[in-house]
Amino acid sequence: MDDDAKQVVEVAQETGVGCGVCCWPDPDILGLKKYNYKWLCMPSLPCFSKDGVPPPVFLAKDEKLPLLLAIIMGLQHALAMVAGIATSGGLLIAGDACFDFQKDSEMCNSKGYLVSAAWITSGFLTIIQVFRCRILKTKYYLGTGLISVMGTSFTFLPIARDMVVSSIMEAKVAGECIGLDCPGAGMKGYGRFLGTCMVAAFLEIFLAMLPPRYIKKLFPPVVTGCAVMLIGGGLIGSGIKYVGGGVFCADNMEGKHAALGFGPQLCNENGDVVLRFGAPQYIGLACTVIFFTPFLQFFGSPFLKSTSLFFGLLFGMIVSGLASYEAVAGDQTMCSAEPGKPCVGGFASATVGKAYSYWNSDSIEESKSFTFLWDNDPNPLRFLGFDPEYFLPILIGFFISTAETVGDIGLSCDASEIPSEGDDFDSRIQGGLLGDGLNSFLAAIMTSPPNTTFSQNNGVIALTRCASRAAGFACAGWLILFGVVGKFGAIMSSVPICVVGGLVLMCFSMVFVGGIKIIASKPITRRTSYILTISLGMGMGVAMVPHLFEAGGTGSYYSKNMAHNYGFWPAKDACKTFYTVPHFLATPAVNGRATVTRAKCTVGNFSSEGISKNDCTGLSGVYTDAVTQKLVVEDCISNNGHCCTEYDNGQRMWRTSIVLVLKTPYCL
């Protein structure tokens, strides 16, 4: 490279470090001369042809924007990601603790806070990634210097949910619950998840320090694209379950009946409307989001197209708020909707002919007007810890997140019209990975799951022709504002889960399509084709058949008993001490195994086993107490698979790690 070329590269790199793009905005506040707002707001309708409206000029990454334009562009980026951050940042994680069978009231009530914390965290971490600075007296950078907006990663969502539910079930076995509620148990699992993520985040920081040639070898497009595809593909199954009314009721339609003799499990995440999974009412509401979003893509203006996910969700929220369900004979509802009726298993009998809402406004009314990080009782950092059982899966998650980030930064460079080869590109990959790793560490301190770059915002850059980092800083400001206003988080946490399902189904599908784009960025050779064949075959295979490596799959109730007894590595193989019957958690049928002889009453020559001791005394008979013995039960028949009083910690750690890796598509 000659001296002039080197100088150009150095100037380009140093320009990305300064903050002039945001500290000294364009004096033209409205920007009417700089940007064509008419093009941005013109809908794609035959009667509103854009033939005579030229697109705006391309605004490069260091272009100073007028204040109004920066605010509008930043709002587009924020609206494109705000719903995705909410679902992966706490809505789905805390939602798992709201079911009576695995309830933690403290974790469930923290949904609004976790959503707000995720927005605030993403805002602050976006500033770090967009700003870009060189580390003093080194060749390393922190941040990409592009509109690389940060949001909670979907990669860690299945692991976080598993840790929360497992912690609640462990509290049940230990007898630490108050009736059906295990307050604080799920939050302990979430605290261990955050602590383990803090340790594992150093893997991505280490990878960021590797020479560029090693990073390219480790993360070619076929690897990064395949990883992103499997993240999306593995989550699409969960998305379609939300469309039908919820994941828990979807997974336990058969399992509850097999374990308890009645069922199926009802869906209780849609306000006061309690129906079975797959009810047409749930699917209809989900379709309002699914169909309104492509409508905006076809006919909306560039502004609406870039924010179609948000406005699709908003439309679904409005429709579900106006709609209601009129109960018929045999229907049930939430206990809070019928306080005067008996509450059994979290449900009460619905009043025939009464209209029930798909929304429950209690959490909105009880939420704070303003909130901030750590403003929650209990604070998740109180339970911060390290869980060796989940360290390996989380470590693999960070490796996958690294691959995802490499692909996202390449797409950001393309959208920003920056060469995707050369020293400048390599430095942005390095700075982005370092920012990703450090930001994930900071996210845990801020009580939020690990953060990563959001790929869908590259589409916003291409659509609006604005790559100026001023829009990235404005986006960060909007996210922080959304999080600070506590009512926003409470509203998001109260949206019917079937409506959320319409949103997340498209979010997860977009992740999948993003992986396809990364793979398609390079020619597919015979070698890469074979790599994709093996990876996608096994990865999508376990997504479609989740009980291949763990019996029972993702269900609870009887399915967890199956996981204890059978599978690739049954849980009972790691058990050191099995419980003995009679046991307070066992069913009467299981406790009956411990009876040697049953109690009986003898009156003369007549004996009966069905007479109580008091009745026997009244008949002047002789009562003989039942004879029982302690009996060890290794096969799990009840108690949701938790049939071991003490595990071998080493074996349990390896079993949990290996099975979780094998059944998670992108880990495998």
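Higher on the page you've got the structure.
Residues numbered from 1 in each chain as written. Predicted model: local features only at pLDDT ≥ 70, side-chain atom pairs only at ≥ 80, totals over all residues. Heavy atoms only, no water.

Colleague: How should the nonpolar core be read in this particular structure?
Modeller: It is characteristic of soluble globular proteins that their nonpolar side chains tend to be buried jointly. Ranked by internal contacts, the top residues of the largest apolar core, which has 139 residues, are Met-107, Tyr-190, Phe-193 and Ile-394. With 14 residues, the single largest contributor to this core is helix 4 (residues 67-95). Each residue touching Ile-394, except ones within four places of it in the same chain, is listed here: Phe-156, Ile-159, Met-163, Phe-193, Thr-196, Cys-197 and Ala-200. With 6 residues, the next largest nonpolar core counts Ala-571, Cys-575, Cys-644 and Tyr-647 among its residues. (Core = buried A, V, L, I, M, F, W, Y, C linked by side-chain atoms within 4.5 Å. Buried < 20%, exposed > 50% of the residue type's maximum accessible area, 1.4 Å probe, protein only. Helix = DSSP H or I, 4+ residues; strand = E, 2+ residues; numbered from the N terminus. Contact = heavy atoms within 4.5 Å.)

Colleague: Looking at this structure, I do not really get the pattern of salt bridges. What am I missing?
Modeller: Here the idea is simple: oppositely charged side chains can pair when their charged atoms come close. In this structure the tally under the stated criterion is 15 salt bridges. Across the salt bridge formed by Glu-550 and Arg-655, the nearest N and O atoms sit 3.2 Å from each other. Of this pair, Glu-550 sits in the loop between helix 23 (526-544) and helix 24 (558-565) while Arg-655 sits in helix 27 (residues 649-663), and the two are 105 residues apart along the sequence. Exposure class is identical for Glu-550 and Arg-655. Each is buried. In this structure, the salt-bridge partner of Lys-663 is Glu-550, at a minimum N-O distance of 2.6 Å. Of this pair, Lys-663 sits in helix 27 while Glu-550 sits in the loop between helix 23 and helix 24, placing them 113 residues apart in sequence. Accessibility expressed as a relative area gives 11% for Glu-550, which makes it buried. (Salt bridge = Lys/Arg side-chain N within 4 Å of Asp/Glu carboxyl O.)

Colleague: I tried to follow the state of the cysteines on my own but got confused; where do I start?
Modeller: In protein structure, a disulfide is the covalent linkage between the sulfur atoms of two cysteines. This model, assessed by the stated rule, comprises 5 disulfides. Shown here is the disulfide that connects Cys-177 with Cys-182, its sulfur atoms set 1.9 Å apart. Of note, the bridge from Cys-177 to Cys-182 carries an S-S torsion of about 90° and is right-handed in sense. We note that Cys-177, like Cys-182, is buried. Note that Cys-601 is cross-linked by a disulfide to Cys-616, the S-S spacing being 2.0 Å. The chirality of the disulfide connecting Cys-601 with Cys-616 is right-handed, given an S-S dihedral of about 85°. One end of the pair, Cys-601, is in strand 14 (residues 600-603); the other, Cys-616, is in helix 26 (residues 613-618), and 15 residues separate them in sequence. Owing to a relative accessible area of 0%, Cys-616 belongs among the buried residues under this scheme. (Disulfide = S-S within 2.5 Å.)

Colleague: What exactly am I supposed to notice about a nonpolar patch on the surface here?
Modeller: A grouping of Phe-124, Ile-127, Phe-372, Trp-374 and Ile-445 is seen on the molecular surface, where their side chains present a nonpolar patch of about 400 Å² in accessible area. You can see Ile-127 is positioned in helix 6 (residues 111-131). The class for Ile-127 is partly exposed, based on a relative accessible area of 33%. (Patch = residues over 30% accessible without salt bridge, like charges linked within 9 Å, V, L, I, M, F, W, Y side chains within 5 Å. Areas by Shrake-Rupley, 256 points an atom, 1.4 Å probe, with all protein chains shown as cover.)

Colleague: Even after reading the chapter, I still don't get helix 17 (residues 391-415), so can you show me in this structure?
Modeller: Each full turn of the α-helix corresponds to 3.6 residues, which orients residues three or four apart in the same direction. Under the 1.5 Å per step criterion, the end-to-end length of helix 17 is 36 Å for 25 residues, consistent within 8% with the ideal 36 Å. Counting buried positions over the 25 residues of helix 17 gives 18, a clear majority of the element. (Expected span 1.5 Å × (residues − 1).)

Colleague: Mind showing me how you'd approach the packing of helix 10 (residues 221-243) against helix 23 here?
Modeller: Working note: a packed helix pair is described by the angle between its axes plus the distance between those axes. Between helix 10 and helix 23, the shortest axis-to-axis distance is 10 Å and the interhelical angle comes to 20°. As the angle between them shows, helix 10 and helix 23 are arranged roughly parallel. Between helix 10 and helix 23 lies a crossing of right-handed hand. Here Val-222, Cys-226, Met-229, Leu-230, Gly-233 and Gly-234 of helix 10 come into contact with helix 23, specifically with Thr-528, Ile-531, Leu-532, Ser-535, Leu-536, Gly-539, Met-540 and Ala-543. For the contact of helix 10 with helix 23, the per-class residue count stands at 9 nonpolar, 5 polar and no charged. (Axes fitted to C-alpha atoms, helices over the stretch in contact; angles between N-to-C directions. Parallel < 35°, antiparallel > 145°, perpendicular 65-115°, else oblique. Left-handed = near helix turned anticlockwise from the far one by under 90°. Nonpolar A, V, L, I, M, F, W, Y, C, P; charged D, E, K, R; others polar.)

Colleague: Would you mind going over the sheet that holds strand 16 (residues 622-624) with me for this structure?
Modeller: In any sheet, the strands associate via hydrogen bonds between backbone groups, in a parallel or an antiparallel arrangement. Reading across the sheet, the 3 strands line up as 15-14-16 and stay open at both edges, with antiparallel pairing between neighbours. In the strand order of this sheet, the two ends are held by strand 15 (606-608) and strand 16, each with one partner. On average, each strand axis in the sheet is inclined to that of its neighbour by 20°, with strand direction left out of account. Bridge analysis of strand 14 against strand 16 gives 3 bridges, and the strand direction is antiparallel. What sits directly across from Lys-600, in strand 16, is Thr-624. (Pairing = 2+ DSSP bridges.)

Colleague: I tried to follow the environment of Gly-321 on my own but got confused; where do I start?
Modeller: Within the fold, Gly-321 resides in helix 15 (residues 308-322). Residue Gly-321 is classed as partly exposed on the basis of its relative accessible area of 43%. Along the chain, Gly-321 and Ser-357 lie 36 residues apart, while their C-alpha atoms are 7.4 Å from each other.

Colleague: How do you make sense of the packing of helix 6 against helix 18 (residues 423-445) when you look at a structure like this?
Modeller: Running from N to C, helix 6 and helix 18 cross one another at 150°; their axes reach a closest spacing of 10 Å. One way to sum up the angle between helix 6 and helix 18 is to call them roughly antiparallel. Crossing geometry of helix 6 relative to helix 18 is assigned as right-handed. Contacts between helix 6 and helix 18 pair Thr-121, Leu-125, Ile-128 and Gln-129 from the former with Gly-431, Gly-432, Gly-435, Asp-436, Asn-439, Leu-442 and Ala-443 from the latter. When grouped by side-chain class, the residues that make up the contact of helix 6 with helix 18 number 4 nonpolar, 6 polar and 1 charged.

Colleague: Mind showing me how you'd approach the side chain of Ser-401 here?
Modeller: Among the secondary structure elements, Ser-401 is positioned in helix 17. For Ser-401, a relative accessible area of 1% puts it in the buried group. When sequence neighbours within four positions are dropped, the list of residues in contact with Ser-401 reads Phe-156, Glu-204, Asp-436 and Thr-452.

Colleague: I would appreciate a short explanation of the side chain of Asn-270 in the present structure.
Modeller: Among the structural elements, Asn-270 can be located in the loop between strand 4 (266-267) and strand 5 (275-276). Within the structure, the side chain of Asn-270 is placed 3.0 Å from the backbone nitrogen of Cys-498, a separation counted as a polar contact. Each residue touching Asn-270, except ones within four places of it in the same chain, is listed here: Gly-245, Tyr-282, Ser-357, Tyr-358, Pro-496, Ile-497 and Cys-498. (Polar contact = N/O pair within 3.5 Å; in protein donor to acceptor, adjacent residues only side chain to side chain.)

Colleague: Please clarify how helix 21 (residues 486-494) should be interpreted in this entry.
Modeller: Every buried residue of helix 21 is listed here: Gly-486, Gly-489, Ala-490, Met-492, Ser-493 and Ser-494. Looking at the buried residues of helix 21, the elements they touch are helix 4, helix 6, helix 15, helix 16 (362-366) and helix 20 (469-484).

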